[in-house]
Amino acid sequence: MKCLLLSLSIILFSVFAFANPGDPAPPIKGKVLTADGQPAASVTIRVKSNGRTTLTDDDGVFTLSNLPAGEYDLEVSLTGFATTTQHVIVEPRRTTNLSIRLQVSEQQLQEVVVTGGVNRLARRSSDDLARMPLKNTENPQVYTTITKDLLVDQLVQSVDDGLRNATGLQKMWDATGRSGDGGGYYNARGFILQSQLRNGVAGNVTSKIDAANLEKIEVLKGPSATLFGSTLGSYGGLINRVTKKPYDRLGGELNFTGGNCGYNRIGADINTPLSSDHKVLLRVNTAYTNEGSWQDNGFNKSFVFAPSLSYKAGDRLSFLFDAEIYRGRNITPPIFFFPYGLTIAQLGVNRADKLPLDYRRSYYSDDLSQQSASTNFFAQMHYRFNDSWTTQTNVTITNSYSDGPGPYFYLLPNGFISRNDQFTANSRDRMVEIQQNLNGDFNIGTLRNRFVAGLDYFNHTPNQLFSGGTYDTIASQGNIPAYRDFNRTNLQKLYATKGVDFYYPVTNITNTYSAYASDVLNLTDNLMVLAALRLDHFVNNGSYDVTGGTTTGGYNQTALSPKFGIVFQPVHDQVSLFANYQNGFTNETGADYKGRAFRPEQAWQTEAGVKVDLFDRCLTGTVSVYDIRVSNIVRAYIPSAPDSGLPAFPQIQDGAQRSTGVEAEVIANPFTGLNIVAGFSYNDSKYQRTDKDVEGRRPSTAASPYTANWWLSYKIPAGSLKGLGIGFGGNYASDNKIVNSVSQGAFILPAYTILSASLFYDYAKFRFTVKADNLTDQHSWVGYTTVNPQPLRSVKAGIAFKF
């Protein structure tokens, strides 16, 4: 720990003692704009004399570093248009700034991208995942980016559906809509996670997340507490939604989608300048969705309104204000649990496809719906001190609410199920995050540093109430006379006469105070090292008992979370060999059987692999091998001999778990019009030191060992049918043991392959798409130690008018 603190001190001292924007070998920084002033992405910038090449990012920005002072000719090229040359003089101790304007409009640029002139389904960089602008080939951590172009090709209208394209990510539980934890659950690298980040900070939505304001999805792999803390991610990674931003002209689209099972959705994306000088810009995304169920009962109605306002106060200062307002009513999708103490042998079947359940039956009435809401606000201030230093302030507030029943079921022997309810009563959950970042891009001598230091305050205030009970037990097949009795009226009668079976309030307020720093140091143009450290102080104020007026269970914990990485590029910006060693942690409350306070649970990941960005970005890919070791797991303590001095439920903090695996992802544009996205993952997770009942076994929450995803699309690039395209893809997951212990046995969710296809026509002023999911009408199940049946075949058709 002393070594880590010393390393951080050296980094900070070097930054503030020796950083000088005027040091030798400054970079060339530039921005490429279209003829109508819009950022031009995916434009190739090549130094004619030495062949050094880079591409502009999504904001049209590029950087060329470590060029000796002198005169250079930069070739600026875009597939489908003539190459132009820009002459530039690089002076010692002075950053060279360029603004390049192409003789091509934004509409023409979009047409070039649409016709497949570049790998439109790949993105080369991220601003959020490293807390600094960093290319994928410079980042020693693995992540997947799901682009807006891919979402449009697939007619994706929710984040949940878009995440099918994330390598190694598997859905575990559909969104329920209840406050706090009602969003969808996923698994990555053997660990559970949810989509809780928006533009790099807290942005929780506790229902099915609409894609109305979605620009792209980023899935960061592995424990990432150093930059993001322990609250919003997991040891498997985190999910970050990047939202649409205002732009400098009038534009947008109106869209409508209809499909089977009563699916109807209408949406709008409208952008406009609000001031004559175009310093105030507004973009509004909104959608209303009404969908029925593929089963006999169930529905989901939702409305989202997401405005975004930007204000450019000057050349140095800008502001961004966003909101997400969700309102909905839905019925929780059917979830089947295993009763405590029931063995799989007693149940009589050990696979979901052998259960005596009617796949198309929901087993509840259509009036067991809940009301849900999420209201999120986000504000950002960005200030540029000079070409090397910027500061960013983020403030985000998320609020969720739910009220109403939540039906669920228990699987029982001999073809029976029990029908139960867990309702929320005016339950509310609030998160507040305030974050301040200082970013630098500077040289110390000839060594380039990209640096971020930040302070973060995170508050979580739940005020939730979960309660409910068991309604009845029925046969799960055949004629069921009492089938429709599980309804709101009868539940209210049950609670009025017999009361509830359980009452579970959640009212513990927590505060987290954090400081972090990270530096990416270019030892050479092709060799980079990363060092980062976070200091995290967690304060749990305890749970408040409204009946007794007392607060109990409060505690404080402090954790250090380091991260190290190295990147070597045998071919500059095209081939990267990388490795990382990084940390995640989870705060733990209580004490062991000897009265010693628990320490934070720790996870350490070691990972190595290769990233490529070849053939002018026509082929990008990542292959990595990882090893995650979790320690300080709290488990039950079983003494070797009876001991009357032990607590009622003694515990010890010496448990361990290990998760190893390999992931491979490729995004390719082999020739004009054809795009390919494919991924494969294998994970081996085991409890290493824990209760003998599960030791050496795969955790029941670790999901399928093998998963794969793929999508191929072809769009005609020229001629009378230009813009007509077709797509085909799918997802595979191997058998998943959701029960796996000596005492209970093993229960399997069988392997599945879900195929999808789309047909689309994308023209300058409109887009038409037909999408079919689950082409083979396959029965499939997911589950977070539960059995959750998934939708059968669906067909949707959408049309969008662009202006």
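Since we're looking at a predicted model, the values are computed, not measured.

**Let's talk about the overall build of the protein**
Looking only at helices and strands, the protein has seven helices and 47 strands in total. Counting only C-alpha atoms, the protein reaches 85 × 65 × 45 Å along its principal axes. Burial statistics for the protein: of 803 residues in total, 56% are counted as buried. In the protein, the proportion of contacts linking residues at least 24 apart, taken out of those at least 6 apart, comes to 68%. Here the protein has roughly 32,400 Å² of accessible surface; of this, 58% comes from carbon and sulfur atoms.

**Remarks on unusual backbone geometry**
Look at Cys 261: it is not a glycine, yet its phi comes out positive at around 60°. Secondary-structure assignment places Cys 261 in the loop between strand E17 (251–259) and strand E18 (263–273). Residue Cys 261 is classed as partly exposed on the basis of its relative accessible area of 34%. Its identity as a non-glycine residue notwithstanding, Ala 703 has a phi of 70°, on the positive side. Structurally, the position occupied by Ala 703 is in the loop between strand E38 (674–689) and strand E39 (706–715).

**With respect to the pairing of strand E41 (residues 736–741)**
Within E41, five of the six residues are buried, which leaves it mostly tucked inside the rest of the structure. As paired strands, E41 and strand E42 (residues 745–749) are joined by five bridges and run antiparallel to one another. Looking at the pairing, Asn 740 lines up with Ala 746 of E42.

**Section: the sheet that holds strand E4 (residues 61–64)**
One open sheet accounts for three strands, arranged E4-E1-E7; its pairing is mixed. In this open sheet, the two strands that pair with only one neighbour each are E4 and strand E7 (96–101). Neighbouring strand axes in the sheet, compared pairwise and without regard to direction, differ in orientation by 20° on average. Pairing geometry for strand E1 (residues 28–33) and E7, over six bridges, is parallel. By the bridge assignment, Ile 28 is partnered in E7 with Thr 96.

**Looking at the environment of Gly 798**
Inspection of the secondary structure puts Gly 798 in strand E47 (residues 794–802). Taking the C-alpha atoms as reference points, Gly 798 and Phe 768, 30 residues apart in sequence, are found 5.8 Å from one another.

**Looking at a nonpolar patch on the surface**
Where nonpolar side chains cluster on the molecular surface, the patch consists of Leu 250, Leu 254, Phe 256, Ile 266, Ile 270, Tyr 288, Phe 303, Phe 305, Phe 768, Ile 799, Phe 801 and Phe 803 and spans about 1,100 Å² of accessible area. Sorting the residues of the nonpolar patch by element identifies E17, E18, strand E20 (299–312) and E47 as the ones contributing at least two each. By the secondary structure assignment, Ile 266 is in strand E18.

**Remarks on the pairing of strand E27 (residues 447–475)**
Where strand E26 (residues 416–444) lies against E27, 26 bridges are found, and the strand directions are antiparallel. Residue pairing in the sheet places Leu 438 in a bridge with Ala 453 of E27. Where E26 hands over to E27, the hairpin turn is made up of two residues, of which Gly 445 adopts a positive phi near 65°. Strand direction decides the pairing type here: E27 and strand E29 (residues 510–522), joined by 13 bridges, are antiparallel. Bridge assignment links His 460 to a residue of E29, and that residue is Thr 510.

**Describing the packing of aromatic side chains**
For any pair of aromatic rings, the description consists of the separation of the ring centres together with the inter-plane angle of the planes. This model, assessed by the stated rule, comprises 35 aromatic pairs. An angle of 25° between the planes, with centres 5.1 Å apart, marks the rings of Phe 336 and Phe 409 as stacked. Here Phe 336, found in strand E22 (residues 336–337), pairs with Phe 409, found in strand E25 (residues 407–412); they are 73 residues apart in sequence, far enough to count as distant. In terms of burial, Phe 336 and Phe 409 fall into one category: buried.

**Structural notes on the side chain of Asn 511**
Looking at the secondary structure, you find Asn 511 in strand E29. Assessed through its relative accessible area of 8%, Asn 511 is described here as buried. Within polar-contact distance, the side chain of Asn 511 engages the side chain of Tyr 457 at 2.6 Å. Contacts of Asn 511, omitting those with residues within four sequence positions, involve Tyr 457, Phe 458, Asn 459, His 537, Phe 538, Val 539 and Asn 541.

Here is what the cut-offs are and how they apply
Residues numbered from 1 in each chain as written. Predicted model: local features only at pLDDT ≥ 70, side-chain atom pairs only at ≥ 80, totals over all residues. Heavy atoms only, no water. Helix = DSSP H or I, 4+ residues; strand = E, 2+ residues; numbered from the N terminus. Buried < 20%, exposed > 50% of the residue type's maximum accessible area, 1.4 Å probe, protein only. Contact = heavy atoms within 4.5 Å. Areas by Shrake-Rupley, 256 points an atom, 1.4 Å probe, with all protein chains shown as cover. Pairing = 2+ DSSP bridges. Axes fitted to C-alpha atoms, helices over the stretch in contact; angles between N-to-C directions. Patch = residues over 30% accessible without salt bridge, like charges linked within 9 Å, V, L, I, M, F, W, Y side chains within 5 Å. Salt bridge = Lys/Arg side-chain N within 4 Å of Asp/Glu carboxyl O. Phe/Tyr/Trp six-rings, centres within 6.5 Å; stacked < 30°, edge-to-face > 60°. Polar contact = N/O pair within 3.5 Å; in protein donor to acceptor, adjacent residues only side chain to side chain.

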